[in-house]
Amino acid sequence: AQSVTQPDIHITVSEGASLELRCNYSYGATPYLFWYVQSPGQGLQLLLKYFSGDTLVQGIKGFEAEFKRSQSSFNLRKPSVHWSDAAEYFCAVGPMDSSYKLIFGSGTRLLVRP
Amino acid sequence: EAQVTQNPRYLITVTGKKLTVTCSQNMNHEYMSWYRQDPGLGLRQIYYSMNVEVTDKGDVPEGYKVSRKEKRNFPLILESPSPNQTSLYFCASSLQLTGTSGGTLFFGEGSRLTVL
């Protein structure tokens, strides 16, 4: 079955520190992969996506993610976190079948210490 | 401004009282979808629509109805709401679901529904 796992429910980092949010997926073929961010009281905003080609993908707000096929992972990284990055982050996979849906992970909430 | 607009943003209602959450997009997107967000479960798809008059069930369609009479609008209807439908609802749209521009969903700001 198709699924997305974000093993960390909460992560706390200090401002200026580096960040890595983990995402693992289970899918029948090479999927399309996405990271979305949800700020408090807001809808979700696309950070970046991977379709094919270079496995290191650059996104908005200084984020990047690396697709590792052998590990079925698509981890999100940022070299230096800002207080405004505090939000909930969702990894998603798809769509590749007739259901035309994105499958979302359960999310990782990022807290930033001053 | 390109956007997906949902109304109402907040609603408290009682069991069995029919309600409709409206969703409208101004980007001429063909694909629209409804999700519900619950703690620890991420987002789960309720219904989606590939185009006008074409709708299909997502993962959790029970207790919901939708319609797509016009391209821009995709209302979510709860005929007889129950407390287990208390949730945060998001409408989303996309130009297409596949290809290099596919999968980029534009989300509304959410509608928080409480059913007593």
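Quick look at the structure, then. Everything numeric in this text was worked out from a predicted model, so none of it was measured.

Some details on the pairing of strand β10 (residues 87-93) of chain A
Residue and element names in this part refer to chain A. Counting buried positions along β10 gives seven out of seven residues, so the element sits mostly inside the fold. Of the two faces of β10, the one holding A87, Y89, C91 and V93 and the one holding E88, F90 and A92 are both buried throughout. Pairing analysis gives six bridges linking strand β5 (residues 33-38) to β10, with the strands arranged antiparallel. Across the sheet, the residue bridging to W35 is C91, located in β10. Bridging between β10 and strand β12 (residues 108-113) involves three bridges; their strand directions are antiparallel.

Some remarks on the side chain of N75 of chain A
All names here are of chain A. By the secondary structure assignment, N75 is in strand β9 (residues 73-78). A polar side-chain atom of N75 sits 2.9 Å from the main-chain amide nitrogen of C23. Not counting residues up to four positions away in its chain, the partners in contact with N75 are E20, L21, R22, C23, W35, E64, A65 and E66.

Let's talk about the state of the cysteines
All names here are of chain A. If you walk through the whole model with that rule in mind, you get two disulfides over all chains. Here C23 is linked by a disulfide to C91, with a sulfur-sulfur distance of 2.0 Å. Taking the sign of the S-S torsion, -65 degrees for the link of C23 and C91, the bridge is left-handed. Placement of the pair is C23 in the loop between β3 (19-21) and β4 (24-26) and C91 in strand β10, with a sequence separation of 68 residues. Residue class for C23 comes out buried when judged on its relative accessible area of 0%.

A closer look at the nonpolar core
Residues and elements named next belong to chain A. In terms of nonpolar packing, the biggest core is built from 28 residues, with W35, L48, L76 and Y89 touching the most fellow members. Broken down by secondary-structure element, the contributors of at least two residues to this core are β2 (10-14), β3, β5, β6 (44-50), β8 (64-68), β9, β10 and β12. It is β10 that contributes the most residues to this core, four residues altogether. For L76, the residues in contact, after removing those within four places along its chain, are L19, E20, L21, W35, L47, L48, F63, E64, A65 and Y89.

Cut-offs used in this document
Residues numbered from 1 in each chain as written. Chains lettered and ligands numbered in written order. Predicted model: local features only at pLDDT ≥ 70, side-chain atom pairs only at ≥ 80, totals over all residues. Heavy atoms only, no water. Buried < 20%, exposed > 50% of the residue type's maximum accessible area, 1.4 Å probe, protein only. Helix = DSSP H or I, 4+ residues; strand = E, 2+ residues; numbered from the N terminus. Pairing = 2+ DSSP bridges. Polar contact = N/O pair within 3.5 Å; in protein donor to acceptor, adjacent residues only side chain to side chain. Contact = heavy atoms within 4.5 Å. Disulfide = S-S within 2.5 Å. Core = buried A, V, L, I, M, F, W, Y, C linked by side-chain atoms within 4.5 Å.

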